[in-house]
There are 6 protein chains.
Amino acid sequence: MIRAVFPGAFDPVHLGHIDIARRAAAIFDELVVAVYERPSKNVLFAVQERVAMMEQAIADIPNAWVGRYYCLTVDYAKALDAQVIVRGLRVFSDFEFEFRMALTNRRLTPEVEMVSFMTREEHTFLSSTTVKEVAELNGDISSMVMPHVQEALLARFARAGGLAED
Amino acid sequence: MIRAVFPGAFDPVHLGHIDIARRAAAIFDELVVAVYERPSKNVLFAVQERVAMMEQAIADIPNAWVGRYYCLTVDYAKALDAQVIVRGLRVFSDFEFEFRMALTNRRLTPEVEMVSFMTREEHTFLSSTTVKEVAELNGDISSMVMPHVQEALLARFARAGGLAED
Amino acid sequence: MIRAVFPGAFDPVHLGHIDIARRAAAIFDELVVAVYERPSKNVLFAVQERVAMMEQAIADIPNAWVGRYYCLTVDYAKALDAQVIVRGLRVFSDFEFEFRMALTNRRLTPEVEMVSFMTREEHTFLSSTTVKEVAELNGDISSMVMPHVQEALLARFARAGGLAED
Amino acid sequence: MIRAVFPGAFDPVHLGHIDIARRAAAIFDELVVAVYERPSKNVLFAVQERVAMMEQAIADIPNAWVGRYYCLTVDYAKALDAQVIVRGLRVFSDFEFEFRMALTNRRLTPEVEMVSFMTREEHTFLSSTTVKEVAELNGDISSMVMPHVQEALLARFARAGGLAED
Amino acid sequence: MIRAVFPGAFDPVHLGHIDIARRAAAIFDELVVAVYERPSKNVLFAVQERVAMMEQAIADIPNAWVGRYYCLTVDYAKALDAQVIVRGLRVFSDFEFEFRMALTNRRLTPEVEMVSFMTREEHTFLSSTTVKEVAELNGDISSMVMPHVQEALLARFARAGGLAED
Amino acid sequence: MIRAVFPGAFDPVHLGHIDIARRAAAIFDELVVAVYERPSKNVLFAVQERVAMMEQAIADIPNAWVGRYYCLTVDYAKALDAQVIVRGLRVFSDFEFEFRMALTNRRLTPEVEMVSFMTREEHTFLSSTTVKEVAELNGDISSMVMPHVQEALLARFARAGGLAED
């Protein structure tokens, strides 16, 4: 049995993430979507929120579940007896970052394999940062995220707007 | 059961290829190393030679075997009921080529998934073209290919040298 | 009045080319789609065929017409009193090639401006080379080219197949 | 009539920006240089200062004027009935950023076109960040910005230096 | 006599830096490893610590010594009568950054030459940022830095951990 | 004493090559510009012509001379007791090619160092291929090559034109 881990900050989860999760779950026996608790850059959503949004997003994938962690990704994978780490590749800057991560992981933990999925063409432009920037300026994000994530973003930025109007 | 296809020209197989094959065979149930018969650029070795060198190279991987094909890679994968195409990524120009291939394949045959493995750091510089160029100029290729491939290259270029002396 | 030239080999024209032509014709007063007669790599279609396929492809764009040329693109633009050369950008290797061409053109003819349009996401993978490779191996190209181009490709490769059966 | 918007933070405007503005104004009927009010990274100059420096910089381009905005760039363009957004491309990392922005904009507002101008070779190294870094360390920026911008930078960093000596 | 400067933040020095220093010292008469005092991003180690770690790291290179500076690198090189600035190249994003720096330096100070060394394959993944991230999460960094640097990192993050447990 | 080798096909030498040669000769004791006899792609000029054009181009650099070779570049460098191979970097695709070459050379001959010089901004677009393409179409190459190379190109393409008129 092959268990795979799909790690990320998921701040918030967008349609590109869900597509990778679905495709990975189709070729591995079990998929753990692993939410990293404390990314180095500021997050918009707390880890509990990011986990909850992801759980709703992948609820219909039977062999997938959501975990959270705060350690090296390879150590989390080893703790779960996972043999594979799954990553999505969109663009060149992703590639370089992923390449470094893959080489670092391999040196730290050669027994965990890292495989990459190329994103779909309609998601190449999509990143959590883009989603947040467009939502903050009242742009339409309905083609980028699921409805429950769109609501969470609107609520978050409306609150910010409300405070700003005081 | 997940069957994966690892396609290429393999003219000739080098240590980077074998590393990818070994890692892919570790996470998928069955691996078919698929030798493409007629690449667009000129090949040094005939398809029978490329298949034979590959069969010797992966003889110790129990769940892997060598095939050959002349059609779209996705059509070969479908004909074998393979769900996955495996590719190695070394460098940026690979990335772009692979990205295009992945998007084209997805449009042609969405049911076949394509996953990429990042090459090991000691193989990032390695390509069949480099191997041939170094061998042709009598450079030492013992850290790049298996001994039986080294012999085949020496024989090929020795013969070329012999002809040139006539 | 701004006249723009959109140059290329167009061997054959695909949907990505037509999209760029349509978008350029929307913002410039007149668009000349300029078929380069003798590209350095081998072409599948003769220049008359490439021109005819393009004329059919852009017949419904009222302010666009098809020309052919065999000289520096900037000299062709100058001869037509065109102020602008239009190019499409898909991927990084395009970018570098286009950058070099833009700098070379500017040094040769600073009075002709070169502007780039980013390709649509559904065409990022599309190139004339990909179209020909897929068509040669009997893949489905109906989402890549217009029907009259598809027919021309099928006819070309069927004939090749027919000859091969002799 | 084609109206084009050239958006940016312009913190501060440098010679590369002015070159793009001049070239865009030569092929479109009207050019609005649009200063984005609140970029995500810290700015050295307030929006009023950035607008004033730009107005002085393009004062001699008859069909160009300076605007300021705080919304999605495509929404600003639509509000102005502009059909085109103009961008400059210097290097690969620009390309990727611009590509993402173009695809995002197209999804949000397909009726606004985005076109890119390749920077001149003597400006490929030039960015507002470089200008500020060199100025902060007392390097000579006279070949990078116009004299009034150079004065503004010297004044700003002199004041900073003065404060630091307290 | 050719004196070369090898500048950086060195926060902290890793094996990739030492390799470049050793190789540069082999072909130039004298090498000054120059620690930049105040990089724009936050540093983990104070400049005195970074200098001390570097001095220990290159103690066995007879024609190399460590300096510190806070001005333009080219001005520091000129003040030392150095003719060459040495840089290491690992990956594409390095390349772009270095290219910009080289062009900026050349414009500022054409009499100082900048040369680049390609990093060894086993160090392509290595950066000070990676070292710090892995160390912070208790990963094994013994193949990335010298023992005295490893101790300094462990001490730093142990103290941070201790504080965090209060 | 440090002897450096600057290898290339030089078909033909252009101003970017000469700039690199001049800069390398300024920091190394002796520079050998090494003309590779049989590049894999077709050359326009025979090796004797390429050597002669280069000798004229660098005649005024006192510590440089021209050699020719047909073996691995590192083997040629070793045969000359050269410690350094010099390369020019213009653009990203150069970078990747050079990176592979550097890693291959290092594996073959670790005692020979390879250093890279970033090209000047006014030469980033310049390549022998561009020069030949522009010259073939009667474009002005006077800002790209020295007068004696321009004459050689005109003579070569005039002869081709003359034949074509028969």
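Residues numbered from 1 in each chain as written. Chains lettered and ligands numbered in written order. Predicted model: local features only at pLDDT ≥ 70, side-chain atom pairs only at ≥ 80, totals over all residues. Heavy atoms only, no water.

## Some details on the overall build of chain A
Each helix and strand counted, chain A has six helices and five strands in total. Taken from the N to the C terminus, the helices and strands of chain A come in the order β-α-β-α-β-α-β-α-β-α-α. When the accessible area of chain A is evaluated, it comes to approximately 6800 Å², of which 52% is carbon and sulfur surface. (Helix = DSSP H or I, 4+ residues; strand = E, 2+ residues; numbered from the N terminus. Areas by Shrake-Rupley, 256 points an atom, 1.4 Å probe, with all protein chains shown as cover.)

## Details of the relation of the copies chain F and chain D
With an RMSD of 0.0 Å, chain F superimposes on chain D once it is rotated by 180 degrees and translated 0.0 Å along the axis. The transformation relating the two chain copies, once decomposed into turn and shift, fits a two-fold axis. Among all residues of chain F, the minimum C-alpha distance to the rotation axis is found for Glu 121 of chain F, at 2.9 Å. Comparing interface residues between copies, 100% of those in chain F also lie at the interface in chain D; the contact surface is shared. (Least-squares fit on C-alpha atoms with pLDDT ≥ 70 in both. Contact = heavy atoms within 4.5 Å.)

## Points about the packing of aromatic side chains
In this structure the tally under the stated criterion is 27 aromatic pairs over all chains. Centroid distance Phe 28 of chain A to Phe 28 of chain B: 5.8 Å. Interplanar angle 15 degrees. Geometry classified as stacked. Note that Phe 28 of chain A is positioned in the loop between helix H1 (15-27) and strand S2 (30-36) and Phe 28 of chain B in the loop between helix H1 (15-27) and strand S2 (30-36), a pairing that runs across two chains. For the pair formed by Phe 28 of chain A and Phe 28 of chain B, the shared burial category is buried. Grouped by ring-pair contacts, the aromatic residues Tyr 36, Tyr 69, Tyr 70 and Tyr 76 of chain A constitute a single cluster. Over the aromatic face of Tyr 70 of chain A sits the side chain of Arg 38 of chain A, whose NZ or CZ is 3.8 Å from the ring centroid. (Phe/Tyr/Trp six-rings, centres within 6.5 Å; stacked < 30°, edge-to-face > 60°. Buried < 20%, exposed > 50% of the residue type's maximum accessible area, 1.4 Å probe, protein only. Lys NZ or Arg CZ within 6 Å of the ring centre and 35° of its normal.)

## Some points on the pairing of strand S4 (residues 84-89) of chain A
Residue and element names in this part refer to chain A. For S4, the tally of buried residues reaches five of six residues, placing the bulk of the element in the interior. Relative to S4, strand S1 (residues 3-8) is paired through two bridges, and the arrangement is parallel. In the sheet register, Ala 4 faces S4, and the bridge partner there is Val 84. (Pairing = 2+ DSSP bridges.)

## Description of the interface of chain F and chain D
When the parts of a complex come together, some accessible area is lost, and that lost area is often used as the size of the interface. On the side of chain D, five residues touch chain F, which itself brings five residues to the contact. Together, the buried faces of chain F and chain D total about 400 Å²; carbon and sulfur atoms form 62% of this surface. Along the contact surface separating chain F from chain D lie zero salt bridges. Joining chain F to chain D, the criterion identifies zero residue pairs in polar contact (both at pLDDT 80 or more). (Buried area = accessible area lost by both parts, 1.4 Å probe. Salt bridge = Lys/Arg side-chain N within 4 Å of Asp/Glu carboxyl O. Polar contact = N/O pair within 3.5 Å; in protein donor to acceptor, adjacent residues only side chain to side chain.)

## Let's talk about the side chain of Asp 11 of chain E
Residue and element names in this part refer to chain E. Mapped onto the secondary structure, Asp 11 falls in the loop between strand S1 (3-8) and helix H1 (15-27). Within the structure, Asp 11 has its side chain in polar contact with the backbone nitrogen of Leu 44 (distance 2.8 Å). Of note is the side chain of Asp 11, whose polar atom sits 2.7 Å from the side chain of Lys 132. With residues up to four places along the chain from it excluded, the contact list for Asp 11 reads Asn 42, Val 43, Leu 44, Phe 45, Arg 50, Ser 128 and Lys 132.

## A closer look at the sheet that holds strand S4 (residues 84-89) of chain E
The mixed open sheet is built from 10 strands, whose spatial order is S3(E)-S2(E)-S1(E)-S4(E)-S5(E)-S5(F)-S4(F)-S1(F)-S2(F)-S3(F). The open sheet has two edge strands with one neighbour each: strand S3 (64-69) of chain E together with strand S3 (64-69) of chain F. Recorded for the sheet is a direction-independent mean angle of 35 degrees between the axes of neighbouring strands. The pairing of S4 of chain E with strand S5 (residues 113-118) of chain E spans six bridges and is classified as parallel. Across the sheet, residue Gly 88 of chain E finds its bridge partner in S5 of chain E, namely Phe 117 of chain E. Against the sheet, helix H2 (residues 47-57) of chain E makes contact with strand S2 (30-36) and S3 of chain E, and its axis sits at roughly 170 degrees relative to S3 of chain E, the strand it touches most. Against the sheet, helix H2 (residues 47-57) of chain F engages strand S2 (30-36) and S3 of chain F, with an angle of about 170 degrees to S3 of chain F. (Axes fitted to C-alpha atoms, helices over the stretch in contact; angles between N-to-C directions.)

## Some details on the pattern of salt bridges
This model, assessed by the stated rule, comprises 51 salt bridges over all chains. Here Arg 23 of chain D makes a salt bridge to Glu 113 of chain C, at a shortest N to O gap of 2.8 Å. Taken together, the positions of Arg 23 of chain D in helix H1 (residues 15-27) and Glu 113 of chain C in strand S5 (residues 113-118) put the pair across two chains. Neither Arg 23 of chain D nor Glu 113 of chain C differs from the other in exposure class; each is buried. Here Arg 68 of chain D ties to Glu 37 of chain D by a salt bridge, and the two come within 3.0 Å at their closest N and O atoms. Taken together, the positions of Arg 68 of chain D in strand S3 (residues 64-69) and Glu 37 of chain D in the loop between strand S2 (30-36) and helix H2 (47-57) put the pair 31 residues apart, joining distant regions of the chain. Taken together, the shared-partner salt bridges connect Asp 19, Arg 23 and Arg 120 of chain A together with Glu 113 of chain B into one network.

## Points about helix H1 (residues 15-27) of chain C
Residue and element names in this part refer to chain C. Across its 13 residues, H1 extends 19 Å between first and last C-alpha, which sits within 8% of the 18 Å expected from 1.5 Å per residue. Most of H1 is tucked away, with 10 of its 13 residues classed as buried. Turning to H1, its buried residues are Gly 16, His 17, Ile 18, Asp 19, Ile 20, Ala 21, Arg 23, Ala 24, Ala 25 and Ile 27. (Expected span 1.5 Å × (residues − 1).)

## Here's the deal with unusual backbone geometry
Following Asp 11 of chain A, the chain continues into Pro 12 of chain A via a peptide bond in cis, with omega recorded as 0 degrees. With respect to the helices, strands and loops of the structure, Pro 12 of chain A is situated in the loop between S1 and H1. With phi around 55 degrees, Asp 81 of chain C is a residue other than glycine that occupies positive phi space. Within the secondary structure, Asp 81 of chain C sits in the loop between helix H3 (73-79) and strand S4 (84-89). Judged by relative accessible area, which is 61%, Asp 81 of chain C ranks as exposed.

## Topic: the pairing of S3 of chain D
Where a strand is regular, its side chains alternate between the two sheet faces. All names here are of chain D. Where S2 and S3 come together, six bridges link them in parallel fashion. The residue bridging Val 33 from the neighbouring strand is Val 66, located in S3. What joins S2 to S3 is H2, and the crossover it makes is right-handed. (Right-handed = clockwise from strand over helix to strand, strands pointing away.)

## Considerations on the sheet that holds S2 of chain A
On the basis of which strands lie adjacent, the open sheet formed by 10 strands has the order S3(A)-S2(A)-S1(A)-S4(A)-S5(A)-S5(B)-S4(B)-S1(B)-S2(B)-S3(B) and mixed pairing. Because the sheet does not close on itself, it has two edges, and the strands there are strand S3 (64-69) of chain A together with strand S3 (64-69) of chain B. Across the sheet, the axes of successive neighbouring strands diverge by a mean angle of 35 degrees, strand direction being ignored. Across six bridges, strand S1 (residues 3-8) of chain B lies against S2 of chain B in parallel orientation. Each residue of the ladder has a partner; that of Pro 7 of chain B, found in S2 of chain B, is Ala 34 of chain B. Against the sheet, helix H2 (residues 47-57) of chain A engages S2 and S3 of chain A, with an angle of about 170 degrees to S3 of chain A. In the packing of H1 of chain B onto the sheet, contacts are made with S4 and strand S5 (113-118) of chain A together with S1, S2, strand S4 (84-89) and strand S5 (113-118) of chain B, and the angle to S5 of chain B comes to roughly 125 degrees.

## Remarks on the environment of Leu 31 of chain E
All names here are of chain E. With respect to the helices, strands and loops of the structure, Leu 31 is situated in strand S2. Leu 31 gets classed as buried once you look at its relative accessible area, which sits at 0%. Along the sequence, Leu 31 and Val 66 sit 35 residues apart, while their C-alpha atoms lie 8.5 Å from each other. Beyond its immediate chain neighbours, meaning those up to four positions away, Leu 31 contacts Ala 4, Phe 6, Ala 21, Ala 24, Ala 25, Asn 63, Ala 64, Trp 65 and Val 86.

## Considering the nonpolar core
If you look at the biggest cluster of nonpolar residues, it comprises 358 residues, and the most contacted ones within it are Phe 28 of chain A, Phe 28 of chain B, Phe 28 of chain C, Phe 28 of chain D, Phe 28 of chain E together with Phe 28 of chain F. Setting aside residues no more than four positions away along its own chain, Phe 28 of chain D makes contact with Ile 27 and Phe 28 of chain C together with Ile 2, Ala 4, Asn 63, Val 84, Val 86, Val 115 and Phe 117 of chain D. (Core = buried A, V, L, I, M, F, W, Y, C linked by side-chain atoms within 4.5 Å.)

## Some points on the confidence of the model for chain A
Of the residues in chain A, 90% reach a pLDDT of 70 or more, and the chain-wide mean stands at 87. Within the model, the stretch residues 161-166 of chain A combines pLDDT values under 50 with zero contacts to residues more than four positions away or in other chains. (pLDDT = per-residue confidence, 0-100.)

## Notes on the environment of Thr 119 of chain F
Along the chain, the position of Thr 119 of chain F falls in the loop between strand S5 (113-118) and helix H5 (128-136). As for Thr 119 of chain F and Leu 89 of chain F, which are separated by 30 residues in sequence, their C-alpha atoms are 5.8 Å apart.

## Digging into the side chain of Asp 11 of chain A
Among the residues examined, Asp 11 of chain A registers a relative accessible area of 4% and is labelled buried. Reaching out from Asp 11 of chain A, the side chain makes a polar contact with the backbone nitrogen of Phe 45 of chain A at a distance of 2.8 Å.

## Regarding the environment of Leu 80 of chain F
All names here are of chain F. Tracing the sequence through the fold places Leu 80 in the loop between helix H3 (73-79) and strand S4 (84-89). With a relative accessible area of 18%, Leu 80 lands in the buried category. Separated by 39 residues in the primary sequence, Leu 80 and Lys 41 place their C-alpha atoms 26 Å from one another.

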